[in-house]
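Here is what each chain is made of, one letter per residue.
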Amino acid sequence: MVNKIVLSTALTGLIMVAAVSPGLAQQKHLVYDGKISVEATELRQKGDSLLLNMELDIPTRYIDLDSRKSLSLIPVLEGSKGRMSFPPVIINGRNRNKVYKRKQSLNENSGEVVPYAVVRKGEPAMLHYIQQVPYEEWMDDAYLNMVEDLCGCGGANLSSVQNQIFPSIELEQIEVYSPQPKLAYIIPAVEQIKRRAEIKDVFLDFKVGSAAVIGSLNRNADELQKVEKMIREVKEDGNVKITGLTFKGYASPEGSVASNLRLSDARALSMKNYLISQIDLGDISVKSEGVGEDWEELEKLLSESSVQDKDKLLDIIRQCGTTDACEMRMRNVAGGMPYRQMLSALYPKLRRTVCSVDYTVRDFSLEEGKEIIKSHPQQLSLNEMYMVANSYPAGSEEFNDVFETAVRMFPNDDVASLNAANSAIERGDLVSAEKYLDRVNTTRGEAQNSRGILLMLEGDYDNAEAYFRRAQHAGVEAAGVNLGELAKKRENDFLVNQKKRK
């Protein structure tokens, strides 16, 4: 026996074949005294639409329905702020169905609700009920009831019963969009001649008024050994060529400026001569000079110290300059106690000779660079480090380590700082990224692009856009991509906030 289902042509545009939502368990509900089965398949939001999907098993043979009556099964969506009815499924008794057909043929159904389907008593039906309607905000907390309206002759409502079919709508979960920013790394310029220097402070003790280096005096042996070791290591390194040695002598401010200059010069010369006697330097140029009193270092050490009244002492240094009168003024602060503290705690650190070994380094291949960076990173140029970094996958530990090493070796270089900032952004370390960016000239387009990325990731979209546009105007191609990412993020945030997802 063929099941006959009468569908309204007026609703054809609303019918849609939809996949069952995998997250919603199918449930069967019995309505109309347990005679009709409704299988709840889908009630979910999809974008701007609400999808309703049910299977109705209507065994009319077992339904007690008078020939002159009809039963309407009406899906009704109800929420705290709204209500709507879907087209009903109508089950007609034999005589009632004749009246329905006659009205259809005479076009007399004007003003009546158009049914989803009409089933005649005696003709069992399996209905796949599908509806798609625009989704509205009030539906967020809505549920679906199946209302049973029993009607008699003339359409008089004889009874009405409702059963809950769906307790809630499966709301579409909008995934929070994570921007995929495009970073603008800078390829460092090739360093034509790699000039480097190894520098070591040597603190020697001298007899009062003497400039002679005495290896056996106090800690002198250890200090001399340190500087000899440094010079020998550079000299024996096959990758470098020493171009010169320089010894600069420094003194503390006690005594006159003139005498301290002479003493520092004599002690630097004495150390130079001592090391020449210990190490065969060949034709390497060796120079020495006395710098005298090191007020710059004194100011630095004093600012970091706990010396009494140090702020007064610092004011004297900054206002007075580097003269004997300046030293006298410091001696008179607070009865001389602060000066005595400096004399014992800070002045010994000023009396030193700085040894500088200047040398050049040969160029390295990529494979050589990958090994050299592990032991002597200072010998690589920024360009060589960049090539080493890019031999590893972007964002990998090795990739990031190289850029961190580069900025450590070249802390005052814009390119090193910018690339390190980009590397930090890639690994999600925004604190380090900002620290490195603060070192970079803000007029660089690539730096503006990176600053825009930081602001975008921190949620400051307006300022991020301003930086991206400046970078784009400066010719940074990546900025255009990032403006697109920013637009996606703004749209995603709008949807998340407007839809109030749960």
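Read on for an overview of the structure.

Some remarks on a nonpolar patch on the surface
On the surface, I187, L366 and M387 cluster together into a nonpolar patch covering about 270 Å² of accessible area. Mapping I187 onto the fold places it in the loop between β11 (157-166) and β12 (194-202). Residue I187 is classed as exposed on the basis of its relative accessible area, which comes to 54%.

Looking at the pattern of salt bridges
Summed over all chains, the structure comprises 27 salt bridges. Where E233 meets K229, a salt bridge forms, and the shortest distance between an N and an O atom there is 2.7 Å. Placement of both E233 and K229 in helix α2 (residues 220-236) is noted, with a separation of 4 residues, approximately one turn of the helix. Here E233 falls in the partly exposed class, since its relative accessible area comes to 46%. Residues R469 and E465 are paired through a salt bridge, measuring 3.1 Å at the closest nitrogen-oxygen approach. Of the two residues, R469 and E465 both sit in helix α15 (residues 461-473), 4 residues apart, roughly one turn of that helix. Overall, the relative accessible area of 21% leaves E465 in the partly exposed class. Salt bridges sharing partners connect three or more residues here, namely D462, E465, R469 and R490.

Things to note about the sheet that holds strand β15 (residues 352-361)
The strands making up a sheet associate through hydrogen bonds between their backbones, and the pairing can be parallel or antiparallel. Read across the sheet, 4 strands follow the order β12-β15-β13-β14 without closing on themselves; strand pairing throughout is mixed. Sheet topology places β12 and β14 (286-293) at the edges, where each strand pairs with a single neighbour. For this sheet, the mean angle separating the axes of adjacent strands, direction not counted, is 20°. Both β12 and β15 contribute to a ladder of 9 bridges, which runs antiparallel. Paired with D201 across the two strands is V354, which belongs to β15. Here α2 sits on the sheet in contact with β12, β13 (240-251) and β15, set at roughly 165° to β12.

Considering the sheet that holds strand β3 (residues 36-46)
As summarised here, the arrangement of the 4 strands in space is β2-β3-β4-β9, forming an open sheet in which the pairing is antiparallel. One side of each edge strand has no neighbouring strand; the edge strands of this open sheet are β2 (27-31) and β9 (125-134). Shown here is a sheet whose adjacent strand axes are inclined to one another by a mean of 25°, direction ignored. Where β3 and strand β4 (residues 49-58) come together, 9 bridges link them in antiparallel fashion. Directly across from K46, in β4, lies its bridge partner S49.

Topic: empty space enclosed by the protein
Empty space among the atoms can be located by rolling a probe the size of a water molecule over them. For the structure on display, the rule yields 1 cavity of 30 Å³ or more. Put simply, the largest cavity is a space of about 30 Å³. Around the largest cavity, the lining residues are P188, L382, M385, Y386, F403, A406, A416 and N419. Secondary structure elements with two or more residues in the lining of the largest cavity: α10 (382-389), α11 (397-409) and α12 (414-426). Among the elements that line the lining of the largest cavity, the one with the most residues is α10, at 3 residues. Here the residues of the lining of the largest cavity sort into 7 nonpolar, 1 polar and no charged.

Calculation criteria
Residues numbered from 1 in each chain as written. Predicted model: local features only at pLDDT ≥ 70, side-chain atom pairs only at ≥ 80, totals over all residues. Heavy atoms only, no water. Patch = residues over 30% accessible without salt bridge, like charges linked within 9 Å, V, L, I, M, F, W, Y side chains within 5 Å. Areas by Shrake-Rupley, 256 points an atom, 1.4 Å probe, with all protein chains shown as cover. Salt bridge = Lys/Arg side-chain N within 4 Å of Asp/Glu carboxyl O. Helix = DSSP H or I, 4+ residues; strand = E, 2+ residues; numbered from the N terminus. Buried < 20%, exposed > 50% of the residue type's maximum accessible area, 1.4 Å probe, protein only. Pairing = 2+ DSSP bridges. Axes fitted to C-alpha atoms, helices over the stretch in contact; angles between N-to-C directions. Contact = heavy atoms within 4.5 Å. 1 Å grid on protein atoms, 1.4 Å probe; cavity = no way out; pocket = protein on both sides within 12 Å on 5 of 7 lines; lining within 4 Å. Points joined across faces, edges and corners; volume = space filled by probe spheres on them. Nonpolar A, V, L, I, M, F, W, Y, C, P; charged D, E, K, R; others polar.

Worth remembering: the numbers are spatial, not functional.
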